[in-house]
Amino acid sequence: MELSIKSSVSTVASHLDARPVSKRIGLVALATDHTTEVDFARMLQGQDVGVYVNRITFDNPTTHDSLMRTGPRLAAAAADILPGEALDVLVYGCTAASVVLGNDKVAEHMNKAKPGAPCVTPSSAAFDAFDALGVRKVSVLTPYTQDVTDSLAAYFSQRSATVVNAACFGLTDDREMARISKESIVEGGVAACADDADALFISCTAVRAAGCVEELEQRLSKPVVTSNQAMVWRCMKHLGTPTDVPHGGLLFKT
């Protein structure tokens, strides 16, 4: 059936805003990640911030070699986030990879695509969080194997707060890491936190630890920092947005 209606050009001019959303975060996540986007959406709810995500191939199991292979994939992934447009912050959402690659190398890869954009990783965000909270000694809980956990503990101790002890769940598949129950996270965190630690750090963007911070801080009476919580907080600082996240923990009060 042929319609007789013809469209017409509107008499109202289409004036263009500078951006559809005032602030832009470009997030590179692992293809297997179940958690990071959910945490960003929850903690940034109500903010005029767009989180634009691209995913890169990741090959389980989580080993030093598989984490190292993510590095060369970062530039192309960042380039495909709003191509040709500037981002206010670049994020690589993998804690263990940021440790194995090194934060400087992560920024080098991603800034090839988006020059000048601040680059946030879970470990760099955690270091800034420790400084903001006055943390000098930290206990660590990870979902990883012992060798990956030991690498993280050494990297942290050499660059930020001293790791006084570390515990791990011994998993090798980040899809299983995302399924660790919140009860296990809380009880594991309480068990892992040493009396002489200033704070507890829970590693891995796959782990649903950001939603456990408030309960853990009540149990431990000390700050708790997690990978995704720290990344969102650091992004908000870069963007100049209010760090008012309900149930986000002491970090969001700094």
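Scroll up to find the structure.
Per chain, residues are indexed from 1 in the order of the written sequence. Predicted model: local features are reported for residues with pLDDT of at least 70 only, side-chain atom pairs are reported and counted for 80 or more only, and whole-chain, interface and lining totals are derived from all residues. With hydrogens and water excluded, all non-hydrogen atoms of the structure serve as input to the side-chain values.

## Notes on the pattern of salt bridges
Opposite charge on two side chains allows them to pair when their charged atoms are near.
Thought 1: For salt bridges, the criterion is a side-chain nitrogen of Lys or Arg within 4 Å of an Asp or Glu carboxyl oxygen. For the structure shown, the criterion picks out 10 salt bridges.
Thought 2: One salt bridge connects glutamate 37 with arginine 55, and the closest N-O pair in it is separated by 2.3 Å. Of this pair, glutamate 37 sits in helix H1 (residues 36-43) while arginine 55 sits in strand E2 (residues 49-56), and the two are 18 residues apart along the sequence.
Thought 3: When accessible area is computed with a 1.4 Å probe and restricted to protein chains, residues below 20% of their type maximum are described as buried, those above 50% as exposed, and intermediate ones as partly exposed. Judged by relative accessible area, arginine 55 falls into the partly exposed class, the value being 33%.
Thought 4: The partner of arginine 69 in a salt bridge is aspartate 59, and the shortest N-O contact between them spans 3.5 Å. Of the two residues, arginine 69 sits in the loop between helix H2 (64-68) and helix H3 (74-79) while aspartate 59 sits in the loop between E2 and H2, which places them 10 residues apart along the sequence.
Thought 5: By relative accessible area, which is 27% here, aspartate 59 ends up partly exposed.
Thought 6: Via salt bridges that share partners, Asp59, Arg69 and Arg73 belong to a single interconnected network. By the criteria applied, helices consist of DSSP H or I runs no shorter than four residues and strands consist of E runs no shorter than two, each listed in order from the N terminus.

## A closer look at the nonpolar core
Thought 1: Grouped together as the largest cluster of nonpolar side chains are 83 residues, with contacts concentrated most on Val91, Tyr92, Phe130 and Phe156.
Thought 2: Contacts are assigned to residue pairs that have any heavy atoms within 4.5 Å of one another. Residue contacts for valine 91: discarding those within four places in its chain leaves Ile25, Gly26, Leu27, Val28, Phe40, Met110, Val120, Met231 and Cys235. The definition of a nonpolar core used throughout is a set of buried Ala, Val, Leu, Ile, Met, Phe, Trp, Tyr and Cys residues joined through side-chain atoms within 4.5 Å.

## Re the sheet that holds strand E5 (residues 137-142)
Thought 1: Note on pairing: two strands pair once DSSP finds at least 2 bridges between them. The strand order across the open sheet built from four strands is E6-E5-E7-E8, with neighbouring strands paired in parallel fashion. Only two strands of the sheet have a single neighbouring strand rather than two, namely strand E6 (162-168) and strand E8 (224-226). Here the strands of the sheet are splayed against their neighbours by 20° on average, with no regard to which way each runs.
Thought 2: As defined by bridge partners, E5 adjoins strand E7 (residues 199-202) across four bridges and the pair is classed as parallel. From the neighbouring strand, valine 140 faces E7, where its bridge partner is phenylalanine 201.
Thought 3: Throughout, an axis means a line fitted to C-alpha atoms (over the contacting stretch in the case of helices), and angles, computed between N-to-C directions, take values from 0 to 180 degrees. Most of the contacts of helix H6 (residues 122-133) go to E8, to which it runs at about 165°, and overall it touches E5, E7 and E8.

## Here we look at unusual backbone geometry
Thought 1: For the bond from asparagine 60 to proline 61, the omega torsion is 10°, close enough to zero to count as cis.
Thought 2: One non-glycine residue with positive phi stands out, namely cysteine 204, at about 100°.
Thought 3: Structurally, cysteine 204 can be placed in the loop between E7 and helix H10 (213-220).
Thought 4: Residue classification places cysteine 204 among the buried residues on the basis of a relative accessible area of 8%.
Thought 5: Backbone geometry at serine 221 places phi at a positive 60°, although glycine is not the residue there.
Thought 6: By relative accessible area, serine 221 is classed as exposed at 67%.

## What about the environment of valine 245?
Thought 1: Relative to the assigned elements, valine 245 resides in the segment after helix H11 (227-239).
Thought 2: You can call valine 245 buried: its relative accessible area is 8%.

## A closer look at the packing of aromatic side chains
Thought 1: Pairing of aromatic side chains requires ring centres within 6.5 Å, counting the rings of Phe and Tyr and the six-membered ring of Trp. Pairs whose planes differ by under 30 degrees are stacked, by over 60 edge-to-face, and all others tilted. On inspection of all chains with the given rule, the structure shows five aromatic pairs.
Thought 2: Between phenylalanine 130 and phenylalanine 201, the aromatic rings sit 6.1 Å apart at their centres with planes inclined by 85°, giving edge-to-face as the arrangement. Of this pair, phenylalanine 130 sits in helix H6 while phenylalanine 201 sits in strand E7, and the two are 71 residues apart along the sequence.
Thought 3: For phenylalanine 130, a relative accessible area of 0% translates into the label buried.
Thought 4: Site record: aromatic cluster; members linked through ring pairs are Phe127, Phe130, Tyr155, Phe156 and Phe201.

## Examining the pairing of strand E3 (residues 89-92)
Thought 1: Neither face of E3 is open: one carries Val89 and Val91, the other Leu90 and Tyr92, and all of them are buried.
Thought 2: With four bridges connecting them, strand E1 (residues 23-30) and E3 associate as parallel partners. Bridge assignment links valine 28 to a residue of E3, and that residue is tyrosine 92.
Thought 3: One ladder, built from two bridges, connects E3 with strand E4 (residues 119-120); its direction is parallel. In the strand pairing of E4, leucine 90 is matched with cysteine 119.

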